[in-house]
Amino acid sequence: MLIVISIIAILASMIIPISGAVNRNKIRAKARVELEQVATAIELYKAKLGHYPPDNPGSPATNQLYFELLGTTFTNGFYTTLDGTGLIKASDLGTVFGGAANPSVGGIINCTQAGGGDEGRVATSFINGFKSGEVFTIPTPSPDVVKILVAAVPAPPGRLNPISYVSSNPTNNPNSYDLWVDFVISGKTNRISNWNKDTITLP
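Residues numbered from 1 in each chain as written. Predicted model: local features only at pLDDT ≥ 70, side-chain atom pairs only at ≥ 80, totals over all residues. Heavy atoms only, no water.

Asker: Residue-level account of the sheet that holds strand S2 (residues 78-81), with values.
Answerer: One key point about sheets: their strands pair by backbone hydrogen bonds, in either a parallel or an antiparallel sense. Strands sit in the order S1-S2-S3 across an open sheet of 3 strands; the sheet is antiparallel. Each edge of the sheet is formed by a strand with only one pairing partner; in this case those strands are strand S1 (72-75) and strand S3 (87-89). If you compare each strand with its neighbour and ignore which way they point, the axes differ by 20° on average. Pairing between S2 and S3: 3 bridges, direction antiparallel. Counted as the bridge partner of Thr80 is Leu87 from S3. (Pairing = 2+ DSSP bridges. Helix = DSSP H or I, 4+ residues; strand = E, 2+ residues; numbered from the N terminus. Axes fitted to C-alpha atoms, helices over the stretch in contact; angles between N-to-C directions.)

Spelled out as structure tokens, the structure:
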């Protein structure tokens, strides 16, 4: 009986570290898939509109990708996403997505606009929506429903894993954009990005 117990203990000590490594790899793979989903939508956006979506230079994590990638309509001073899940007053854009660094945010580009010829445009949805856990609603005055993209992977207590985005002055992909997400595994911050195929462990 003691021999059997000893063997079970040895096997358990071998399996637990392996299962932990498998779980960590699953989390990293999930974050990578979510980031690539957003990157694909951004490239489709550029192919259609001729430029990358605008960013928020002062706060890469609080960006307007949710509205730009889903597409919007503009009615009575409000931008509403085509699926009806996001809503922001035009006058709030500068405060939410610009702040002190970029207070002159004028509107959502991927928006249905009336007009003839080149002036008219129909908004396009470049992504088929987001799953639960991939979106966070920013606290804003009613009736705004302002959402940002986050990764549905473990975060530190009381924090989120926002998908950060820089297109105006990217430092890692100077000819396109930087896209990344930070998340925590076993107390260590990991970064998945579009400039490195490997996961980076931050200090």
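Read on for the rest.
Asker: Which residues make up the sheet that holds strand S6 (residues 164-166), and what values go with them?
Answerer: Read across the sheet, 4 strands follow the order S6-S7-S8-S9 without closing on themselves; strand pairing throughout is antiparallel. The open sheet is flanked by S6 and strand S9 (200-201), the only strands paired with a single partner. Where strand S7 (residues 178-185) and strand S8 (residues 188-193) come together, 6 bridges link them in antiparallel fashion. Each bridged residue has a counterpart across the sheet, and for Trp180 the counterpart in S8 is Ser193.

Asker: Account for the packing of aromatic side chains, naming residues and giving values.
Answerer: According to the stated counting rule, one finds 8 aromatic pairs in the structure shown. Through a chain of ring-to-ring contacts, the aromatic side chains of Tyr66, Phe67, Phe97 and Phe130 assemble into a single cluster. (Phe/Tyr/Trp six-rings, centres within 6.5 Å; stacked < 30°, edge-to-face > 60°.)

Asker: Please provide a residue-by-residue account of the pairing of S2, values included.
Answerer: The pairing of S1 with S2 spans 4 bridges and is classified as antiparallel. In the strand pairing of S2, Phe74 is matched with Tyr79. Following S1, the chain reverses through 2 residues before pairing antiparallel with S2; Asn76 in that reversal takes a positive phi of roughly 55°. Where S2 folds back on S3, the antiparallel hairpin that results is connected by 5 residues, among which Gly84 adopts a positive phi of roughly 80°.

Asker: How would you sum up the side chain of Asn63? Please name residues and give values.
Answerer: Within the element layout of this structure, Asn63 appears in the loop between helix H1 (2-49) and helix H2 (65-70). Residue class for Asn63 comes out buried when judged on its relative accessible area of 1%. From its side chain, Asn63 meets the backbone nitrogen of Leu65 in a polar contact 3.2 Å long. (Buried < 20%, exposed > 50% of the residue type's maximum accessible area, 1.4 Å probe, protein only. Polar contact = N/O pair within 3.5 Å; in protein donor to acceptor, adjacent residues only side chain to side chain.)

Asker: Now, about the pattern of salt bridges: what can you tell me, with residues and values included?
Answerer: Inspection of the entire model under this criterion finds 3 salt bridges. A salt bridge links Glu34 to Lys30; the nearest nitrogen and oxygen atoms lie 3.4 Å apart. You can see Glu34 and its partner Lys30 sitting in helix H1, 4 residues apart, about one turn around the helix. On the basis of relative accessibility, which here comes to 4%, the residue Glu34 falls in the buried class. Salt-bridge contacts for Lys197 lead to Asp198; the nearest nitrogen and oxygen are separated by 3.6 Å. Classification of Lys197 by relative accessible area gives exposed; the value is 70%. With a relative accessible area of 43%, Asp198 lands in the partly exposed category. (Salt bridge = Lys/Arg side-chain N within 4 Å of Asp/Glu carboxyl O.)

Asker: How would you sum up unusual backbone geometry? Please name residues and give values.
Answerer: In this structure, Pro143 follows Ser142 across a cis peptide bond, with omega equal to 10°. Inspection of the secondary structure assignment puts Pro143 in the loop between strand S4 (135-138) and strand S5 (146-149). Although it is not a glycine, Asn76 adopts a positive phi angle of roughly 55°. One can find Asn76 in the loop between S1 and S2. With a phi angle near 50°, Ser186 is a residue other than glycine that sits in the positive phi range. Checked against the element boundaries, Ser186 lands in the loop between S7 and S8.

Asker: Go over the nonpolar core with me, naming the residues and quoting the values.
Answerer: If you look at the biggest cluster of nonpolar residues, it comprises 40 residues, and the most contacted ones within it are Val38, Ile42, Leu69 and Leu179. Of all the elements in the fold, those that place two or more residues in this core are H1, H2, helix H3 (93-97), S5 and S7. Sequence-distant contacts of Val38, defined by excluding residues within four places in its chain, comprise Leu65, Leu69, Phe130, Leu149, Ile163 and Leu179. (Core = buried A, V, L, I, M, F, W, Y, C linked by side-chain atoms within 4.5 Å. Contact = heavy atoms within 4.5 Å.)

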